[in-house]
Amino acid sequence: MKPLSQLLLFTFLLFSGKATLAADSLSLWEAMERAAQSNPVIKSQRVEVERQTLEQDIARSQHLPKVDLNADYTRYAYPTFVTPIRDTNVFPPMDRDIANIGLALNLPLYHGGKLVAGEALAAHNREASVQALRAGGQDLLFNVAATYTKALHFRQLVKVLDTRIKALQQEENDIGLRIQEGRAARLELIRLQTQLSQARYDRVSVVQGEKDALSLLAAMLGESGPVPTLVELDSGLPKDARLIEGGPAPILADLNKTSPSLPVSIEEAKNQALLRRPDMLGLVATGKAAQEKTAIARGERLPQIDLVAKAQESTGGDWEGYDDWQMGVQLSLPVFDGGIRKRRVEQAGLEQRQNALQQEDTRNRIASEIEQAFGALSESRARLEAATQGETEASEALRIETLRYHSGENTITDLLAAESALWDATASRLQAGYDITVSQAQLLRVTGKLAPDSFRPSAVDKKSGAEHSSSGIDPRTLAQYLAWHHCGMTCGGEPIVQKANTSISSHQRLTATGLSGHAIQQGAKL
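Everything quoted here is computed from the prediction, not taken from an experiment.

Section: the overall build of the protein
Line of reasoning, step 1. Check the secondary structure of the protein and you find 13 helices and nine strands.
Line of reasoning, step 2. Taking as baseline every contact in the protein between residues at least 6 positions apart, the subset at least 24 positions apart corresponds to 82%.
Line of reasoning, step 3. For the protein, the computed accessible surface area is about 28,900 Å², with 56% contributed by carbon and sulfur atoms.

See below:
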């Protein structure tokens, strides 16, 4: 193959690989799974579990005998016995330089139950660290879900604002022609250009909000490096493809075909939470650990019995060795320590009492959080239904106000108010749709069941084709809106239906939601 052909083939394969990588989408459950595996905080908590596991092994080894190798060399000022008396009427040797080497054995026989309690304490501490890991994982997964949906929300808002800007630009051109024909005042153009400038500023704010959300999401996924800079590609890649620091980044997939399994009632959720919530299970483990600490403190006041043995060899300056051994039982009984052990018992009892109060508070908090999560989910669903209806009404109101404007029956102010109401309603619908996903994640979180697989599409969902209700803006809206303006005075002959007053009243209600620059900036702060 010729060098030029090889170069062309290599270039083709390189760009094809980049296009394939950039076209890959990152779904919500995949992002949650990646965060659970790669987040540094979660990794640190896994290390803590490993540390507690080793601590459990250490406590278990306290029952085993301990053998030590001892060696020493001493020079005395006066001759000293190298070894004790070994035979009757035989004087042992003496020397100023004496060396010893030997093995010492210590086997605990009875320590007042402290060893058994210490092993149980280590097991409960490890269980508490495992539940702390689960609690950290639940918080991380919820934050990933909230940030992921916020990034998607901003992405959809960008599309909405792009559509809105195109429509306002079309209206700007139309007013310019009307001014040239003497059919419109320049004040109308100024008012429209003000609305257009605000829409362009809103788009900048939303784009920055999307960048911030994606940067935060990357940090949660354990990705290091500078803040990502997003650049839209003009090549043959998909429109939503992005580059981060010169390399293709995965596209966030829409929330389609996801239906997490949720508890059907508040009572069922409470029962699940008491059995699965990591903070509750962690407190239970901590309470059991406090009981073992009490047992250890009481064991400090009981006698301790150990089996001890020692075998050694001693030598003097002549390097002649003398062996010796000993074995026995040691008893240690505390008599007086100024009340230290007694206060330790009382301290351990107070820790148990404190843990019991914490468990009671957690049970009350779980009940409140579950009720709030159910209420938030119901409110989000109701808000989505109302926002969807409001968007339909606002779209109809805009159509009517457009026809009235071209027929000279209203002013540019009425038209821009109807136009603003439509996009505000669309933004409200998008927000409500994504709030449903966040509310579902929160409900799973308060019951202790949130996991990456919670939002994995099932086979039933794929067959049924269930879709998230916040799929974005209707692609027909722009075409319809531009067509209403394009028809000009021809549409003016169409009769205005009596529904106009009702639609305008609906507009007055919807403008309270407001897709203002301030509201978008508040959302960009996540």
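Quick notes on the environment of R399
Line of reasoning, step 1. Mapped onto the secondary structure, R399 falls in helix 8 (residues 340-406).
Line of reasoning, step 2. C-alpha of R399 to C-alpha of E419: the two residues are 20 residues apart in sequence and 9.1 Å apart in space.

Focus: the sheet that holds strand 2 (residues 66-81)
Remark on secondary structure: sheet strands pair via backbone hydrogen bonds, oriented parallel or antiparallel.
Line of reasoning, step 1. Taken together, the four strands give an open sheet; going across it, the order is 2-3-8-9, and neighbouring strands pair in antiparallel fashion. In the strand order of this sheet, the two ends are held by strand 2 and strand 9 (321-332), each with one partner. When strand polarity is set aside, the average angle formed by the axes of neighbouring strands in this sheet is 20°.
Line of reasoning, step 2. Where strand 2 meets strand 3 (residues 94-110), 12 bridges bridge the pair, whose relative direction is antiparallel. Its bridge partner being in strand 3, L69 is matched across the sheet by L103.

Concerning the nonpolar core
Line of reasoning, step 1. Of all hydrophobic cores here, the largest spans 67 residues; its most connected members are V144, Y148, L252, L450 and F455.
Line of reasoning, step 2. Elements represented by at least two residues in this core include exactly helix 2 (28-38), helix 4 (114-180), helix 5 (186-220), helix 6 (266-276), helix 8 and helix 9 (412-446).

Thoughts on helix 5
Line of reasoning, step 1. With 35 residues, helix 5 should cover 51 Å at 1.5 Å per step; its first-to-last C-alpha distance of 51 Å lies within 8% of that length.
Line of reasoning, step 2. Where helix 5 terminates, the next one or two residues include G222, which has phi positive at roughly 80°.

What about unusual backbone geometry?
Peptide bonds are mostly trans, and most non-glycine residues show a negative phi.
Line of reasoning, step 1. Not every positive phi belongs to a glycine, and W319 is a case in point at roughly 60°.
Line of reasoning, step 2. Its location among the elements puts W319 in the loop between strand 8 (304-315) and strand 9.
Line of reasoning, step 3. The exposure class assigned to W319 is exposed, which follows from its relative accessible area of 71%.

Structural notes on helix 4
Line of reasoning, step 1. The terminal C-alpha atoms of helix 4, which comprises 67 residues, lie 97 Å apart, in line with the 99 Å expected from a rise of 1.5 Å per residue.
Line of reasoning, step 2. Positive backbone phi, at 75°, marks G182, one or two positions downstream of helix 4.

Things to note about the packing of aromatic side chains
Line of reasoning, step 1. One pass over the full model with this rule turns up one aromatic pair.
Line of reasoning, step 2. When the ring centre of F154 is taken as origin, the NZ or CZ atom of K150, which lies over that ring, is 5.5 Å away.
Line of reasoning, step 3. A cation sits over an aromatic face here: R456 above W29, 3.7 Å from the ring centre.

Considerations on the confidence of the model for the protein
Line of reasoning, step 1. On average, residues of the protein score 79 in pLDDT, and 77% of them are at 70 or above.
Line of reasoning, step 2. Low pLDDT (under 50) marks residues 462-473, which in the prediction has 31 contacts with non-local residues, meaning those over four places away or in another chain.
Line of reasoning, step 3. Scored below 50 in pLDDT, residues 484-526 shows 76 contacts in the model against residues more than four places distant or in partner chains.

Description of the side chain of T83
Line of reasoning, step 1. Tracing the chain through its elements places T83 in the loop between strand 2 and strand 3.
Line of reasoning, step 2. Assessed through its relative accessible area of 4%, T83 is described here as buried.
Line of reasoning, step 3. When near neighbours in sequence (up to four residues on either side) are disregarded, T83 contacts P92, P93 and Y322.

Focus on a nonpolar patch on the surface
Line of reasoning, step 1. A surface patch of nonpolar side chains, amounting to about 410 Å² of accessible area, comprises V67, L69, I101 and L103.
Line of reasoning, step 2. Mapped onto the nonpolar patch, the elements with two or more residues apiece are strand 2 and strand 3.
Line of reasoning, step 3. Mapped onto the elements, I101 comes out in strand 3.

Digging into the packing of helix 2 against helix 3 (residues 40-61)
Helix-helix packing is characterised by the crossing angle of the two axes and by the distance between the axes.
Line of reasoning, step 1. Across the interface, helix 2 lies against helix 3 with an axial gap of 6 Å and an inter-helix angle of 45°. In this view, helix 2 runs oblique relative to helix 3, as classed from their interaxial angle. Only P40, I42, K43 and R46 of helix 3 make contact with helix 2, whose side of the interface consists of A36, Q37 and S38.
Line of reasoning, step 2. Here the residues of the contact of helix 2 with helix 3 sort into three nonpolar, two polar and two charged.

As for a positive patch on the surface
Line of reasoning, step 1. A grouping of R298, R301, K342 and R343 is seen on the molecular surface, where their side chains present a positively charged patch.
Line of reasoning, step 2. What makes R343 exposed here is its relative accessible area of 54%.

Some details on the pattern of salt bridges
Between side chains of opposite charge, pairing is possible as soon as their charged atoms come close.
Line of reasoning, step 1. For the structure on display, the rule yields 25 salt bridges.
Line of reasoning, step 2. Residue E119 pairs with R60 through a salt bridge whose shortest N-O separation is 3.6 Å. Here E119, found in helix 4, pairs with R60, found in helix 3; they are 59 residues apart in sequence, far enough to count as distant.
Line of reasoning, step 3. A salt bridge links R383 to D435, with the shortest nitrogen-to-oxygen separation between them at 2.9 Å. Of the two residues, R383 sits in helix 8 while D435 sits in helix 9, which places them 52 residues apart along the sequence.

Remarks on the side chain of D97
Line of reasoning, step 1. Structurally, D97 can be placed in strand 3.
Line of reasoning, step 2. Among the polar contacts listed, one links the side chain of D97 to the side chain of R75, at a separation of 2.8 Å.
Line of reasoning, step 3. For D97, the residues in contact, after removing those within four places along its chain, are Y73, T74, R75, T315, G316 and G317.

Things to note about the pairing of strand 3
Line of reasoning, step 1. Bridging between strand 3 and strand 8 involves 11 bridges; their strand directions are antiparallel. Bridge pairing links N100 to S314 in strand 8.

Calculation notes
Residues numbered from 1 in each chain as written. Predicted model: local features only at pLDDT ≥ 70, side-chain atom pairs only at ≥ 80, totals over all residues. Heavy atoms only, no water. Helix = DSSP H or I, 4+ residues; strand = E, 2+ residues; numbered from the N terminus. Contact = heavy atoms within 4.5 Å. Areas by Shrake-Rupley, 256 points an atom, 1.4 Å probe, with all protein chains shown as cover. Pairing = 2+ DSSP bridges. Axes fitted to C-alpha atoms, helices over the stretch in contact; angles between N-to-C directions. Core = buried A, V, L, I, M, F, W, Y, C linked by side-chain atoms within 4.5 Å. Buried < 20%, exposed > 50% of the residue type's maximum accessible area, 1.4 Å probe, protein only. Expected span 1.5 Å × (residues − 1). Phe/Tyr/Trp six-rings, centres within 6.5 Å; stacked < 30°, edge-to-face > 60°. Lys NZ or Arg CZ within 6 Å of the ring centre and 35° of its normal. pLDDT = per-residue confidence, 0-100. Patch = residues over 30% accessible without salt bridge, like charges linked within 9 Å, V, L, I, M, F, W, Y side chains within 5 Å. Salt bridge = Lys/Arg side-chain N within 4 Å of Asp/Glu carboxyl O. Parallel < 35°, antiparallel > 145°, perpendicular 65-115°, else oblique. Nonpolar A, V, L, I, M, F, W, Y, C, P; charged D, E, K, R; others polar. Lys, Arg positive; Asp, Glu negative; His and termini not counted. Charge placed at Lys NZ, Arg CZ, Asp CG, Glu CD. Polar contact = N/O pair within 3.5 Å; in protein donor to acceptor, adjacent residues only side chain to side chain.

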